[in-house]
Structure formats: structure tokens, C-alpha cells
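Coordinates in review
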Amino acid sequence: MINVKDNNIYIETKTLTAEISNGVLTSIRSRETGEEFLEDVDAAKSTAIQLVYLHEQAVSLDKGTLCNISVHKMNDRYAEVRFESWYGNGIIAFSEDTENGDLVVEPSAWSTRPGVLAVRWNLHGIRKDLELVAPLFQGIKLKLDDLLIRNKHWRWPDVWEAGFAILQGRESGFWVYARDTQYRYKSFNTGKAGIFSLGFDSEAYGPVDNNISAGGIRWRINTYRGDWHKPASVYREWLWKAYDLDREMQRRPGWLQDLRMAIAWCPTKVEILEALKEKVDPSKVLVHVPHWRVDGYDRNYPCYTASEKGKAFIKRGLELGFRMMPHYNAMEVDPSNPVFEQVRDFVYRDITTKRYLGWAWVDNKSELVPQSPTVLKKSREFNVMTKIHPAARIWRSILGDAILESTRVTGTNLVFVDISHNTYNLHNCLINNTTPTEGVRELISYLQDLGDGMYVGGEGLNEITAQGHCIAQVHLFESSGKSIPGLERTGGCDLNNFLFGDLCKTFGYSALNGKTEYERLRMRIHEEHGAIPTITLQDAEEIINPNEAFCRIFANAR
């Protein structure tokens, strides 16, 4: 039921009550417990809706010269707040979902000024004792004033790995989520409109240089009693039905749930396998094999010709019963490879700068891709890689041919496609009317069907890649290579494993040797996120005479 009085909206659903003043939510209260989740919200000083332009410029539509805000009740379940301001116009639609009690919030905005990237809806005054539980880096549970998440922007789906955020109290909380199966780009902001605030961006597809409007995503709010597993279960149930994931479960290998250990970045040394088989049950061990090709690591993609050493290593691993997973790449092409001429029109372009996206390795640090068309072709010594839009059908065919041919040589039916999580809004967002995120999902499905069927792993785990990947290598919180201060506070929440663990098992990334406190911390955080216990090593001696951390993992994999 929705009532309107003096530009204020009063909403009562089967689960909650809410109050809105000039478009700003000032109260969210559980009907079951009477608990209030917002506090000290000053609608006059808070901004509900903003237009976000390129270069991260945000302008408010509910403040300033000639600003007019009006409220319009359309029926007992739907009302609109309309904004007319110096910088543009907007609408926030508030409605009730009578089935589950959700308060549905749909912001939209427009302006005469082109370059609109998104409309941002802000939620203020979140109670200071509540913790944010969110699918960031496989799951975090932190107070909103934690320095790790203050004033941060998280884009979907490569970093914000599913479209929801939970605010958890001692025995209850509330959450905000989207039900979106159309791969519409969205972002999540923590603390940008005040420490105890969240912002939700509905993005327009690139290119946005001439774009003047944004919207189209319905954000849902509801309360719950219990811990974060309750709302996460609701989202998981929706996700399963929306994407028919019971069917995907039938495509997973029978051995997947039996994995007890992983080796990341395993050197191509047969003696490692021979030593390890004496310590563990090989059928329970995943071996990630990056150095199996004639070409060096991250060079000359998409050439996947196995070296004699690589073939021998994979063959012996399969004979012993290990789960051998050679390393490929989902979208990167070396511009000095002849394939580049066939796919250069589909290279990722940054939505703001329009630059080619990818990377180079110069003086032991990552650099942007060269923008010179001639230098691009001369840059193999710098490991230059350009990212190709995965919706390009020519790329899918080229990569599929290369992978299928190589697996016939190595005898594997488990492949790892790197950077499959690198999907986000682009200047050239739509290829064949398909976004990069949808394109990756289609690419993974295509690879699954190669030959007699493939099991596909990849980098990162989110609500899109989980649908096709059975294994994913995941990153720690902003710490793929080197740990950040405060990393110890990011463990203890296995949110993504709870959401996706039946479909996809995760393993760790780097610096997991267990010799130092730093490495043991990284191992622990990965395992607290639900990852398969993972090690990194250089030679067989580390297995023959294992440290304490390795002994623990070996015992688990017997």
C-alpha cells in the first residue's frame, strides 16, 4: 500500500514499511520485528538521484537553482517522484511487489548534455552497526566505515560479482538487489555520498558520447530475520530459475566435488607429479598448467602448439590420475600474431578514452597497449596483448579451432581460459547486439560443446561465468599479485561459494607457498572463501620435504 502526503511517500508491504521524503529514503523498517535500519537521514542535505557522466562526474538532480520535486501517486502500489533541475530531469518510481513484499525502486534520468553514463540512486543513513555483506572478491563482511571499502566504485560483474548488497545486523538486516537477466551494466558505490551510504548505478551501453539518458534497472529492497544466508538463498533460488542452472549442473564432471587440493601455476616438471602421487590421491588434485606451449607464457596467443615437454608433463599427469588443466586465454590476442588482422575491429575500447584495452609488460611493470598500429605489430618482446570482444563470432571460431586441435594432441578435456571475468561496459559494448558479458557466457558454452565435450575453467567467478565454468581461479581483495594492508579483514565470508559452489569450484592465485606468515595469510583467506586449498611451488623438493602448511593440505587430499 502506498500513500502520499506533502511530497512524502509512505509505503507498507507484507514485510516492511518505508518513508520517502523528496525522493530520499528516510526509513526502512521490518514489519516482523519493528526494527529500523536507517538513522539520522536529513532529506534536505541528502541527494537521492544523480546523473553520472564520463570521467566520473556526478551531478545531483534534486538540489540547486530552479529545482522542483513533485510526487505523484498513480495507484495504491505505485508512485513517482519527479525531478526538474538545472542539470537535467529524473524520475524515481517506487512500487510494491505484492508477492514477496519487495519495495521496488526504479531510477531514470536525462539531460540535454550528452555523455551520460549512468543514473545513480543513493541510499543514505545506513545504521552504523550494520555490516556490508557483498559479492566482492568472493565475499566480504565489513563495516561501511572500513577503509578497505570507503569511497569505492565496484563495477559489475568482474568485481561486483552478483547484483546485490546485504546489510547485516546481529540477528536481522535488509538488502538491495536486482533481478536482471539482460546483462545490463550496473555499478555499486560504497561511501561516495557519505560514509554510511550506498549508491547504485544503472549504466547505458557504450558508446555514450552522444547519450543523454540512463535507467532501466529495478532495485529491490527487503528485510529479513537471521543472517546473510537468508537473503543470499533468495538470490540463489532466483538465479537458478532465471538461468535454468539445474540443466547446467548436469554438465559438471562427477569428480568436481571431490577435489581437495590445487596447484596453481605448476612448473612443467614431471618429478613434481611423481613426488606428489606419494602424498595424495591424484584424482583429488587439480593441476593448473601454464607453461605447456612452444611459445612462452602470455605470448603469441592464440597459438596453442604444445611443446614436447608440455605434452610429456600433461600425459604423465593424466596417467597418474591428476586433473590436468592447461592454460589458454578467453579473449587476448598478440597483435604480432597473424590472427590479429582478422579480429582487430573487435578489440575492446575503453568507454571513456576509447583506447585499445589490454596490457604490455615494460620494465617489469604493466603498461597500456601501444596505440600505434605499427608499433603494435613489433611489440612481442613486451608481451603486448589486446582484448577481443567475445561476442565476435570470428573470434569464437578461431579460438575454438585452436583449443580443439590442441586438446586432441594433449588428450585433455579440461581447459582453463584466462581473464574470462574481464567483461564490463565498453565504448564498443555491443557486437552482434551482444555485450562482452553475454559474449563470454556464449563463448564458454561454445567451448563446452567442442569435440566430445569440454570442461571449462577460467579466471574469476561471478554470476555469469559460474553458469558455464566448473573451475575458477580467483583473486583476493585487491591483491592479485601483492597483498594490501588489511587483507586479514576480508576473510570469513564464503558468499560466492554459497551462491555458486555447486556449479563451480574455486582455487587460489599466487604467493601460496606457505613458507611465510604473508603466504599463510593468503592461503587462509582463500580457504575461508571456500576455495580448494591451493599451493604454489617451484620444484619437487618442496613436496618431498613439505612445510607445515603443505603437510596440512596433503593430509586433506589423501
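Below, the structure is looked at part by part. (Residues numbered from 1 in each chain as written. Predicted model: local features only at pLDDT ≥ 70, side-chain atom pairs only at ≥ 80, totals over all residues. Heavy atoms only, no water.)

1. Considerations on the overall build of the protein
Helix and strand counts for the protein come out as twelve helices and 32 strands. At 25 Å, the protein has a C-alpha radius of gyration in line with the 24 Å of a compact globule built from 558 residues. Each of the three principal axes of the protein carries a C-alpha extent, and together these read 75 × 55 × 45 Å. Split into buried and exposed, the 558 residues of the protein put 59% on the buried side. Across the protein, every contact between residues at least 6 apart in sequence was considered, and the portion connecting residues at least 24 apart equals 71%. Total accessible area computed for the protein in this model is approximately 21800 Å², and 46% of it derives from carbon and sulfur atoms. Separation between the mean location of the 66 positive side-chain charges and that of the 73 negative ones in the protein comes to 1 Å. (Helix = DSSP H or I, 4+ residues; strand = E, 2+ residues; numbered from the N terminus. Rg over C-alpha atoms; globule rule 2.2 N^0.38 Å. Buried < 20%, exposed > 50% of the residue type's maximum accessible area, 1.4 Å probe, protein only. Contact = heavy atoms within 4.5 Å. Areas by Shrake-Rupley, 256 points an atom, 1.4 Å probe, with all protein chains shown as cover. Lys, Arg positive; Asp, Glu negative; His and termini not counted. Charge placed at Lys NZ, Arg CZ, Asp CG, Glu CD.)

2. Brief notes about the sheet that holds strand β3 (residues 16-21)
Judged by pairing direction, the sheet is antiparallel, and its four strands sit side by side in the order β1-β2-β3-β4 without closing on themselves. Lying at the two open borders of the sheet, with one neighbouring strand each, are β1 (2-5) and β4 (24-30). Looking at each pair of strands side by side, their axes are set apart by 15° on average, direction ignored. Examined bridge by bridge, β1 and strand β2 (residues 8-12) share four bridges and lie antiparallel to one another. Looking at the pairing, Val4 lines up with Ile9 of β2. (Pairing = 2+ DSSP bridges. Axes fitted to C-alpha atoms, helices over the stretch in contact; angles between N-to-C directions.)

3. Overview of the packing of aromatic side chains
Tallied over the entire structure, the rule returns 27 aromatic pairs. Between Trp265 and Tyr509, the aromatic rings sit 5.5 Å apart at their centres with planes inclined by 85°, giving edge-to-face as the arrangement. One end of the pair, Trp265, is in the loop between β21 (261-263) and α3 (270-276); the other, Tyr509, is in the loop between β31 (505-507) and α10 (517-528), with 244 residues separating them in the sequence. With relative accessibility at 18%, the residue Tyr509 sits in the buried group. (Phe/Tyr/Trp six-rings, centres within 6.5 Å; stacked < 30°, edge-to-face > 60°.)

4. Structural notes on the layout of surface pockets
Counted as a void, the largest pocket has a volume near 1200 Å³. Lining the largest pocket are 44 residues; nearest its centre among them are His153, Arg155, Asp158, Val159 and Tyr424. Broken down by secondary-structure element, the contributors of at least two residues to the lining of the largest pocket are β5 (49-53), β11 (116-123), β14 (152-155), β17 (186-190) and β18 (198-203). Per-element tally for the lining of the largest pocket: the top contributor is β17, with three residues. Residue composition of the lining of the largest pocket, by class: 17 nonpolar, 13 polar and 14 charged. (1 Å grid on protein atoms, 1.4 Å probe; cavity = no way out; pocket = protein on both sides within 12 Å on 5 of 7 lines; lining within 4 Å. Points joined across faces, edges and corners; volume = space filled by probe spheres on them. Nonpolar A, V, L, I, M, F, W, Y, C, P; charged D, E, K, R; others polar.)

5. A word on α10
Spanning twelve residues, α10 covers 16 Å between terminal C-alpha atoms, matching the ideal 16 Å at 1.5 Å per step. For α10, every residue scored as buried is listed here: Glu519, Leu521, Arg522, Met523, Ile525 and His526. Contacts from the buried residues of α10 go to β32 (534-535) and α12 (548-556). Where α10 terminates, the next one or two residues include Gly530, which has phi positive at roughly 95°. (Expected span 1.5 Å × (residues − 1).)

6. Remarks on the pairing of strand β7 (residues 68-75)
Bridge count between β7 and strand β8 (residues 78-85): seven bridges; the pairing is antiparallel. Bridging from a neighbouring strand, His72 pairs with Glu80 of β8. In this structure, the hairpin formed by β7 and β8 is closed by a connection of two residues.

7. Focus on the nonpolar core
Within the largest apolar cluster, 166 residues are counted, with the highest numbers of intra-cluster contacts made by Leu25, Trp121, Phe174, Met261 and Trp395. In terms of residue count, helix α7 (residues 393-410) provides more of this core than any other element does, six residues in total. Among all residues touching Trp395, those that are not within four sequence positions of it are Pro302, Asn329, Ala330, Met331, Glu332, Val333, Val339, Val343, Ile388, His389 and Pro390. Counting 13 residues, the second largest nonpolar core, distinct from the first, contains Leu256, Ala264, Cys470 and Phe507. (Core = buried A, V, L, I, M, F, W, Y, C linked by side-chain atoms within 4.5 Å.)

8. A word on empty space enclosed by the protein
To locate leftover empty space, one rolls a probe as large as a water molecule over the atoms. In the structure shown here, the tally under the stated rule is one cavity of 30 Å³ or more. Quantified by volume, the largest cavity comes out at close to 40 Å³. Forming the walls of the largest cavity are Gln138, Leu461, Asn496, Asn497, Cys504, Lys505, Thr506, His529 and Gly530. For the lining of the largest cavity, the secondary-structure elements that each account for two or more residues are α9 (495-500) and β31.

9. Brief notes about α7
With 18 residues, α7 should cover 26 Å at 1.5 Å per step; its first-to-last C-alpha distance of 26 Å lies within 8% of that length. Every buried residue of α7 is accounted for by Trp395, Arg396, Ile398, Leu399, Gly400, Ala402, Ile403, Leu404, Ser406, Thr407 and Thr410. On its buried face, α7 sits against α4 (308-320), β23 (323-329), β24 (332-333), α5 (340-343), β28 (414-418) and α8 (436-448). Just beyond α7, the residue with positive phi is Gly411, at close to 80°.

10. So, the environment of Cys67
In this structure, Cys67 sits in the loop between β6 (57-60) and β7. With 17 residues separating them in the primary sequence, Cys67 and Glu84 have C-alpha atoms 5.6 Å apart. Other than its neighbours up to four places away in sequence, Cys67 contacts Leu61, Asp62, Glu84 and Ser85.

11. Quick word on unusual backbone geometry
Put simply, Trp156 and Pro157 share a cis peptide bond, and its omega is -5°. Relative to the helices and strands, Pro157 resides in the loop between β14 and β15 (164-168). The omega angle of the peptide bond from Gly206 to Pro207 is 5°, so this bond is cis rather than trans. When you line up the elements, Pro207 lands in the loop between β18 and β19 (213-214). Its identity as a non-glycine residue notwithstanding, Asn22 has a phi of 50°, on the positive side. Take Asn22: it is sitting in the loop between β3 and β4. For Asn433, which is not a glycine, the phi torsion comes out positive at approximately 55°. Of note, Asn433 is situated in the loop between β28 and α8. The exposed category is assigned to Asn433, whose relative accessible area is 71%.

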